[in-house]
Number of protein chains: 2
Amino acid sequence: MREVFQQELREVQERLVEIAGLVAESIDKATRSFNESDVSLAEEVIADDNRIDQAAIELDELAITILARQQPVARDLRIVVSALRISASLERMGDMSTHISQLARYRFPDKVVPKSLRPTFAEMGRLDVEIARKLVELLRTEDVAIAESIRNEDDRIDALHLSVFDKVLGEKWKGEAVDTVDATLASRYHERFADHAVSISKKVQYLATGDWVPEDA
Amino acid sequence: MREVFQQELREVQERLVEIAGLVAESIDKATRSFNESDVSLAEEVIADDNRIDQAAIELDELAITILARQQPVARDLRIVVSALRISASLERMGDMSTHISQLARYRFPDKVVPKSLRPTFAEMGRLDVEIARKLVELLRTEDVAIAESIRNEDDRIDALHLSVFDKVLGEKWKGEAVDTVDATLASRYHERFADHAVSISKKVQYLATGDWVPEDA
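A quick note: this is a predicted structure, and the numbers were derived from the prediction, not measured.

*Asks:* Give me the interface of chain A and chain B: which residues, what numbers.
*Replies:* Contacts between the two partners involve 37 residues from chain A and, on the opposite side, 37 residues from chain B. With both sides pooled, the region where chain A packs onto chain B buries about 3000 Å², and carbon together with sulfur makes up 63% of that total. Ranking the residues of chain A by area buried against chain B places Ile-64, Gln-71 and Arg-188 of chain A at the top, with a combined share of 17%. Put simply, Arg-78 of chain A and Glu-61 of chain B hold a salt bridge, and the shortest N to O gap is 2.7 Å. Connecting chain A to chain B are five residue pairs in polar contact (both at pLDDT 80 or more). At the level of elements, α2 (39-70), α3 (74-107), α5 (144-168) and α6 (177-209) of chain A are the ones that each hand at least two residues to the side of chain A that touches chain B. When the residues that make up the side of chain A that touches chain B are grouped by side-chain class, the tally is 22 nonpolar, four polar and eleven charged.

Right, here's the structure in full:
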């Protein structure tokens, strides 16, 4: 029974890695569609989000089946519950990619944000892609050093998020309302994307070390 | 054993009702702090969010204890898993109230949005408060008619959300960048608040009818 359970846990882990891989691909494409106003890439991101949603639903069903069949307790139980939560966060990260691509699509053939902000968003996008790739590694290896590095990158995203508001609310800002709306939303989506990654990191850290981190700490 | 389980489920339900009550109070105060630029009320909302977070963590711990002790299967298992998800959504709804109040606090002593948009935000706030109160009733009674009515109100919020963008991006918009940012964020927070309520409604509908609705359908 124990062996079957361990095997099922590995299956859960592999699926989480797989979903995180889809999310990494999705934020990479979303960022490129945003930076380059590539509307067909944007549409690809939007269409592919369904695969992430579906994979998350299937993972949830697997986790519930494991709970029912294996009746895990103590740490084993928390591992399965954590998997459910990680899957929900990954699904939301896919939504953020979609939202970023939707902005690119709405404004096409115009670019989404004015020139002065493009380097900032290019950097936010680059960091989110890096965070997503690290998340794949973290879920695969449970190496807590990666969790730490994700948190550091989240701090940089937060700083960039604040800098967007500084710019948009500064005296030199010449953008029109549409630029302000897009910058506000895009910045928020990038920031939320990274937040979800941090939230997942905390859960993986628990799985690796046994230190339970409450959902919203 | 079955009787103990039923009693524990009632305890879970009561706690969800209680947390939803805190959320209803929080969005009511957040909306008032926003409409009336009441900075002390805004600070109350921000400080009280901790109670919602704490109550959600405790509910999660209770649910995990029930999973471990009662080892529920089939529908019973899904009820407990649903409770975990409902608690996560309620916690996020509290965060949205907090964000709305933070906007009021940041702009104080100025009002958050220009006159032309205040009726729209007053209406979004009114609807979100109504939705939160209905959620309390829904969680208490499991009356699926309430779930339906929450969905209808969410449709109205979505329409108002779009109307904010129409206004902000329209030719008559005279707002400064700060008004555009605030309107964009406030509208997004109200919309997300209602989305979470709909997501909870679907889960309660399952609890009442047995029709399982996947996490993100």
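*Asks:* Tell me about the relation of the copies chain A and chain B, and name the residues and values.
*Replies:* Both copies of the chain are tied together by a single rotation about an axis and a shift running along it. Superposing chain A onto chain B takes a rotation of 180° combined with a translation of 0.0 Å along the rotation axis, leaving an RMSD of 0.0 Å. Seen this way, the second copy is the image of the first under a two-fold rotation axis. With an isologous cut-off of 70% or more, the 100% of interface residues of chain A that recur at the interface of chain B puts this contact in the isologous class.

*Asks:* So what about the packing of aromatic side chains? Which residues, and what values?
*Replies:* Residues and elements named next belong to chain A. Tallied over the full model, the rule gives two aromatic pairs over all chains. With a centroid separation of 5.5 Å and 50° between ring planes, the pair formed by Phe-34 and Phe-121 is classed as tilted. Of the two residues, Phe-34 is situated in helix α1 (residues 2-35) and Phe-121 in helix α4 (residues 118-141); the sequence distance between them amounts to 87 residues. Accessibility classification places Phe-34 together with Phe-121 in one group, the buried group.

*Asks:* Before we move on, can you summarise the nonpolar core with the specific residues and values?
*Replies:* In a soluble, globular protein the nonpolar side chains are often hidden away together inside. Ranked by size, the top nonpolar core spans 143 residues in total, and within it Leu-90 of chain A together with Leu-90 of chain B carry the most contacts. Per-element accounting of this core gives the leading share, 14 residues, to helix α6 (residues 177-209) of chain B. With residues near it in sequence (within four places) discarded, Leu-90 of chain B still touches Leu-16, Ile-19, Ala-20, Val-23, Ile-52, Leu-135 and Ile-200 of chain B.

*Asks:* Before we move on, can you summarise the pattern of salt bridges with the specific residues and values?
*Replies:* Residue and element names in this part refer to chain A. Considering all chains together, one arrives at 42 salt bridges over all chains under this definition. Two residues, Lys-134 and Glu-130, come together in a salt bridge whose shortest N-O distance is 3.8 Å. With Lys-134 and Glu-130 both in helix α4 and four residues apart, the pair spans about one turn of that helix. Glu-137 is paired through a salt bridge with Arg-140; the nearest N and O atoms lie 2.6 Å apart. With a gap of three residues between them, Glu-137 and Arg-140 both fall in helix α4, about one helical turn apart. Taken together, the shared-partner salt bridges connect Glu-123, Arg-126, Glu-130, Lys-134, Glu-153 and Arg-156 into one network.

Thresholds, definitions, all that
Residues numbered from 1 in each chain as written. Chains lettered and ligands numbered in written order. Predicted model: local features only at pLDDT ≥ 70, side-chain atom pairs only at ≥ 80, totals over all residues. Heavy atoms only, no water. Contact = heavy atoms within 4.5 Å. Buried area = accessible area lost by both parts, 1.4 Å probe. Salt bridge = Lys/Arg side-chain N within 4 Å of Asp/Glu carboxyl O. Polar contact = N/O pair within 3.5 Å; in protein donor to acceptor, adjacent residues only side chain to side chain. Helix = DSSP H or I, 4+ residues; strand = E, 2+ residues; numbered from the N terminus. Nonpolar A, V, L, I, M, F, W, Y, C, P; charged D, E, K, R; others polar. Least-squares fit on C-alpha atoms with pLDDT ≥ 70 in both. Phe/Tyr/Trp six-rings, centres within 6.5 Å; stacked < 30°, edge-to-face > 60°. Buried < 20%, exposed > 50% of the residue type's maximum accessible area, 1.4 Å probe, protein only. Core = buried A, V, L, I, M, F, W, Y, C linked by side-chain atoms within 4.5 Å.

By themselves, these observations are geometric and do not establish any function.
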